[in-house]
Amino acid sequence: TFATVSASGPLGFGARTYTLLPATLSASGGMSPLAVSVAAANQFTVASLNLNQFLDASDDARLGKASLTIAAMGLPDIIGLQEVETLAVLQRLAARIDADATAASVVPPAYEGIHMEHATADGLDVAFLVKSGPVQQVSVEQIAADAATEHPSLVLRALVSGPATSLPQAITVI
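Residues numbered from 1 in each chain as written. Predicted model: local features only at pLDDT ≥ 70, side-chain atom pairs only at ≥ 80, totals over all residues. Heavy atoms only, no water.

1. Regarding unusual backbone geometry
Stated precisely, the cut-off is as follows: A run of DSSP states H or I qualifies as a helix once it reaches four residues; a run of E qualifies as a strand once it reaches two. Both are numbered from the N-terminal end.
The backbone phi angle of Asn52 is positive, close to 50°, even though this residue is not glycine. Mapped onto the secondary structure, Asn52 falls in strand β5 (residues 46-54). Backbone geometry places Ala110, a non-glycine residue, at a positive phi of 55°. Among the secondary structure elements, Ala110 is positioned in the loop between α2 (87-103) and β7 (111-115).

2. Quick notes on the packing of aromatic side chains
For clarity, the threshold we go by: Stacked, tilted and edge-to-face are the three classes assigned to paired rings of Phe, Tyr and Trp, where Trp is represented by its six-membered ring and a pair needs centres within 6.5 Å; plane angles under 30 degrees give stacked, over 60 edge-to-face, the rest tilted. Throughout, exposure labels follow a simple rule: accessible area from a 1.4 Å probe, protein chains only, divided by the maximum for the residue type, with under 20% read as buried, over 50% as exposed, and the rest as partly exposed.
This model, assessed by the stated rule, comprises 1 aromatic pair. For the pair Phe13 and Tyr18, a centre-to-centre distance of 4.7 Å together with 55° between the ring planes defines the contact as tilted. Judged by its relative accessible area of 60%, Tyr18 falls in the exposed class.

The structure is reproduced here in structure tokens:
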């Protein structure tokens, strides 16, 4: 079935693509969106998010929207991020997420930023935010990081800890 989506917010244009950053969003008809379930004690969560040219760590509006988006995802244990400029931007986002969580009386996730610089024309890279408590980084490496690859993949190998009945689990996220 078809759905009707209504959204309002700033419209951007870059790299021959329009991007809507919705301030309000509603859907009717068709399938209903479902909230992300809170992970059980024996589970962990992994998410992916394109931050759409996340360049400026001083842009409080974008930091706030990214923080709210990640909170709506349920503060996943590991988040693969696309289009992040620098480690400083990533660290500022992690600090904003912690501040927003504290203000909402939620335990802050204490994300650690993982970013490897690559010489790209647009200065944007892939990165990870990982919860520093349950996630222990084993290794991080770029693959296909040659001149022919505009945005090489970042591979995270980690150990996620938790109850002895099902965790720890060794995982690889690309």
